Amino acid sequence: MTQSGTMNKFFLMSLLLISSAVFTWNAFYQGVNIMPWMLVSVILGFIAALVLTFKPVWGSFLAPVYALLEGVFLGSVSAIYNNAFAKVAPGIVTQAVGLTFGVVIAMFALYKFNVIRVTEKLKSIIFMATAGIAVFYLIAMILRFFNIDIMMVSDANRGSMFGIGISLFVVGIAALNLLLDFDRIDSLAKQGAPKYMEWYGAFGLMVTIVWLYLEILRLLSRFASNKN
């Protein structure tokens, strides 16, 4: 495993993701009902990610599949957001993409130049915060099945300052997770991990960037709702 090999595989996965995202985006604006596509891609993508997490040796097959499925999902979500905020926040998807790239580049620079050192203590803090967010979102999803909306994630309170604050916090944690991905790739490469772990490293980085993009998109939608 090498850092360059991991990044090459990440760029290949990115091309696959963008291709399927563009396909779904175009389908939405051609009047196709993409909700079934989005639902299926979420379920299959989650299964692929779960299997890959426990079976990294299957990465050469599962990582590209995950990228394609994630692209279908992101294309759907992005098209829906773009259409919903076309009047109050035109170009919201373009802004989210630009900000995501900006954050990734900034975090890589902070990591590369040792501005932020990935210590065991920092890893623990980021892990605990991420786990807390995951549990919170899981509870929110369960409650929605019973028509109960938590205020900070409710559509009715989308533009509240409290909701915006929560979104800013989640975006910050997602960005910090990039440091863990960079550190993991470096560590595995230095340890001489097997070649197939390049796919695993690329997969982990993509998962974080996708999460970051979705949270930034959500944050921008909250700002737009607050102005409206």
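Residues numbered from 1 in each chain as written. Predicted model: local features only at pLDDT ≥ 70, side-chain atom pairs only at ≥ 80, totals over all residues. Heavy atoms only, no water.

Right, let's talk about the confidence of the model for the chain for a bit. For any part of a model where pLDDT is low, the fine detail of the predicted coordinates should not be relied upon. Summary statistics for the chain give a mean pLDDT of 89 and a share of 91% for residues scoring 70 or more. The lowest-confidence element of the chain is helix H5 (residues 120-144), averaging 87 in pLDDT; the highest-confidence one is helix H1 (residues 3-29), averaging 96. (pLDDT = per-residue confidence, 0-100. Helix = DSSP H or I, 4+ residues; strand = E, 2+ residues; numbered from the N terminus.)

Listed under "transmembrane region" (unreviewed entry) in the UniProt record, and renumbered for this structure, are residues 34-54, 61-81, 93-113, 125-147, 159-180 and 200-220. Between the first and last C-alpha atoms of residues 34-54 the distance is 30 Å; the span itself is 95% helix and 0% strand. (UniProt positions renumbered as here; feature names shortened; annotations may be inferred.)

To continue, consider the environment of aspartate 183. Residue placement: aspartate 183 occurs in helix H6 (residues 161-190). According to the relative accessible area criterion, aspartate 183 is buried, its value standing at 14%. Ignoring sequence-local partners within four residues, the contact set of aspartate 183 consists of Tyr111, Val118 and Lys123. Of note is the side chain of aspartate 183, whose polar atom sits 3.1 Å from the side chain of lysine 123. (Buried < 20%, exposed > 50% of the residue type's maximum accessible area, 1.4 Å probe, protein only. Contact = heavy atoms within 4.5 Å. Polar contact = N/O pair within 3.5 Å; in protein donor to acceptor, adjacent residues only side chain to side chain.)

Our focus in this paragraph is the packing of aromatic side chains. In this structure the tally under the stated criterion is ten aromatic pairs. Aromatic side chains tryptophan 25 and tyrosine 29 sit 5.4 Å apart centroid to centroid with 40° between the ring planes, which places their arrangement in the tilted category. Here tyrosine 29 and tryptophan 25 lie together in helix H1, a separation of four residues that amounts to about one turn. Grouping aromatic residues by their ring pairs yields a cluster made of Trp25, Phe28 and Tyr29. (Phe/Tyr/Trp six-rings, centres within 6.5 Å; stacked < 30°, edge-to-face > 60°.)

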